[in-house]
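# Inside the fold
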Amino acid sequence: MVPNIHSALPVTGTKPRTSRKALLILGFLFALAAIALVAMAVSQNKPLPKNIKYGIVLDAGSSHTNLYVYEWPAEKENDTGVVHQVEVCKVEGLGISGYSQDTEKAGLSLQRCMKRAQEVVPEHQHRETPVYLGATAGMRLLSLQNRSIADRVLSAVEKTLRSSPFNFQGARVISGQEEGAYGWITINYLLGNFKQVTGTSGALDLGGASTQITFVPDQEPIESQENSLHFRLYGKNYKVYTHSFLCYGKDQALRLKLASDLQASVRAPDLLDPCFHPGYLRIMNISDLYTNPCIANGEQQLPFTQLHLQGNGDYQRCRMTIQKIFNTSHCPYSSCSFNGIFLPPLQGEFGAFSAFYFVMNFLNLTTEKSPVPLDKVTSTVERFCSRPWHKVKAEFPKIKEKYLSEYCFSGTYILSLLENGYGFTMEKWQSIQFLGKVTLHVDAGWTLGYMLNLTNMIPAEKPPTRPLSHASYVGLMVFCSLVLVAVLLLSWLTFHKPKCLQKGLI
Ligand SMILES: Nc1ccn([C@@H]2O[C@H](COP(=O)(O)OP(=O)(O)O)[C@@H](O)[C@H]2O)c(=O)n1
Ligand SMILES: [Ca+2]
């Protein structure tokens, strides 16, 4: 016979009241300890007050300099998509390469934005906040033209950055490859593509002096070494194609086109230009046209010093004149874009930013939803180009004349570059999204990718993840403690059953 557990219990106590009291106190103390345990686990594991880090990058472009301040939570440094852009300060005046006549001014021009950054970043974090300056195609051209002047410009900007309270990490001219790669990293980081099984997005960047195309092609291998990049990010390998076309940013492309038009014309100082609005007139110094390495010297042979441009707003003719700056006569690879540069078949989605976005946005051709079809884009640009200049000027009185007058050319150039240069067909066009900002209000561009790389914020391997989230951890702790209390209470009731229970009074 199985002995009855209850029969083994002391049914009578010599001091039942005292022992019950002691047991009650013990139980109470135990419950108290369990509660303390839970409370401790909760308070110990609750997230620490937000520890924010900052980073500053100056994008010294050919046309202007922008200063970006980024912030991110320190404890999430290696997660993707956690960086916010907290400030963008536009430097007044020229791009730094525009100060070749007075290099000191390149440094002085940055002071106002550096002051602004000091207001944005909390003072106690100034010393630990890194500041980087990357110069792009304007400085690449100046270096080709006159290396010592370019070095003087860089020294001048370095002087200003060193005199700020931040942690200066260098001012340098970045290569076209880097510019393409960091733009690609920025958009894919912000879109969270590095941590998903979905593919990556290509990047199209249009500046004033250069343009970049970067994407992961389907086809292997990448036939030219200089267009090939290898990355290992978050435990995955990426083989990326990139090319930067120096002189094919929209400002330099206009110069290339004008020089080509001049070459083809009777070399008269009056030029009818289909890429400007009817009624538009611009007088240009020939010397301004031929002042950089993009244009082979043809200046000497011209018998005049000024060029009179007269717009006639003819989109089709404009496309034809632009077409001439893309040389498609030779290709040493299986496929090329233009000028004998390797281009594998286009693959996947593309984000097009910088001037691609500015121009398309001005023409109301950027939408949040599906992309505007190519034929509609073409007809919009065509219509815009044909509008008389006085009407365009009257409609947009706030936009600087220099910029406003060039949207017709820029829109047409973008179509030529994407369609004829890179081969975006009607269908492929639908895979392009014109982006000003990506998530979290961060501007699309190379600067964020540059900072992520230099601060080692994109690890090659996947960072180890905690097995449980904070909430699940606390929940589990509470549950286990409750079970503990319940078990102990039950055993207490079982082994020290109060008399009232034994007698069936309760
Ligand atoms: N709101 C704006 C700002 C810039 N832009 C143009 O965007 C281009 C920016 O080029 P950039 O200064 O970054 O030059 P790169 O060094 O990248 O070639 C220039 O052609 C500017 O005129 C624009 O069209 N609208
Ligand atoms: Ca740029």
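Residues numbered from 1 in each chain as written. Chains lettered and ligands numbered in written order. Predicted model: local features only at pLDDT ≥ 70, side-chain atom pairs only at ≥ 80, totals over all residues.

An unreviewed UniProt entry lists the protein chain under the name Ectonucleoside triphosphate diphosphohydrolase 1, with Chelonoidis abingdonii as the source organism. Under Sequence similarities (unreviewed entry), UniProt gives the following word-for-word description of the protein chain: "Belongs to the GDA1/CD39 NTPase family." Database annotation for the protein chain, UniProt heading Subunit (unreviewed entry): "Homodimer; disulfide-linked." (UniProt positions renumbered as here; feature names shortened; annotations may be inferred.)

All right, on to the overall build of the protein chain then. Regarding its fold elements, the protein chain presents 18 helices and 14 strands. Considering the protein chain as a whole, with its 506 residues, one finds that 35% of them fall into the buried category. For the protein chain, contacts bridging at least 24 residues in sequence account for 76% of all contacts bridging at least 6. (Helix = DSSP H or I, 4+ residues; strand = E, 2+ residues; numbered from the N terminus. Buried ≥ 20, exposed ≤ 12 C-beta atoms within 10 Å, placed from the backbone. Contact = placed C-beta atoms within 7 Å.)

Here the UniProt-annotated "active site" (unreviewed entry) positions come out as Glu 179. Within the element layout of this structure, Glu 179 appears in helix H7 (residues 176-190).

Another aspect to go through is the domain arrangement of the protein chain. By domain assignment, the protein chain separates into domain 1 (50-173 + 445-479) and domain 2 (176-440). Taking only C-alpha atoms into account, the centre of domain 1 sits 26 Å from that of domain 2. Taken together, the contact pairs 25 residues of domain 1 with 28 residues of domain 2. Elements with a contribution of two residues or more to the side of domain 1 that touches domain 2: helix H5 (137-145) and helix H16 (446-454). (Domains from an automatic or database assignment.)

If you trace the backbone, Lys 393 turns up in helix H13 (residues 389-395). C-beta crowding within 10 Å serves as the criterion here: with 16 such atoms nearby, Lys 393 is assigned to the partly exposed category.

In the neighbourhood of ligand 1, 18 residues make up the surrounding shell, with Gly 61, Ser 63, Thr 136, Gly 207 and Gly 208 lying closest. Looking at the shell around ligand 1, the elements with two or more residues in it are H5, helix H8 (250-264) and helix H11 (355-362). Of the residues belonging to the shell around ligand 1, the class tally is four nonpolar, 12 polar and two charged. In this structure, the shell around ligand 1 is formed jointly by two domains, domain 1 (50-173 + 445-479) and domain 2 (176-440), each of which donates at least three residues. (Near = placed C-beta within 6 Å. Nonpolar A, V, L, I, M, F, W, Y, C, P; charged D, E, K, R; others polar.)

To continue, consider the sheet that holds strand S3 (residues 84-90). Read from one edge of the open sheet, five strands run S3-S2-S1-S4-S5, paired in mixed fashion. Strands with a single pairing partner mark the edges of an open sheet, and in this sheet they are S3 and strand S5 (167-173). Strand-to-strand, the axes of this sheet are offset by a mean angle of 15 degrees, without reference to chain direction. With six bridges connecting them, strand S2 (residues 65-73) and S3 associate as antiparallel partners. Across the sheet, Leu 67 pairs through a bridge with Cys 89, a residue of S3. Relative to the sheet, helix H6 (residues 147-162) contacts strand S4 (130-135) and S5, its axis offset from that of S5 by approximately 165 degrees. Relative to the sheet, H16 contacts strand S1 (52-60), S2, S4 and S5, its axis offset from that of S1 by approximately 125 degrees. (Pairing = 2+ DSSP bridges. Axes fitted to C-alpha atoms, helices over the stretch in contact; angles between N-to-C directions.)

Moving on, we come to unusual backbone geometry. Negative phi characterises most residues that are not glycine, and trans characterises most peptide bonds. In this structure, Pro 221 follows Glu 220 across a cis peptide bond, with omega equal to -10 degrees. Relative to the assigned elements, Pro 221 resides in the loop between strand S7 (210-215) and strand S8 (228-233). If you check the backbone angles, Ser 354 has positive phi at about 55 degrees while not being a glycine. By the secondary structure assignment, Ser 354 is in strand S13 (residues 350-354). The class of Ser 354 is buried, set by 25 C-beta atoms lying within 10 Å. With a phi close to 55 degrees, Asn 456 is a non-glycine residue in the positive phi region. If you trace the backbone, Asn 456 turns up in the loop between H16 and helix H17 (470-495). On the basis of neighbour counts, which here come to 10 C-beta atoms within 10 Å, the residue Asn 456 falls in the exposed class.

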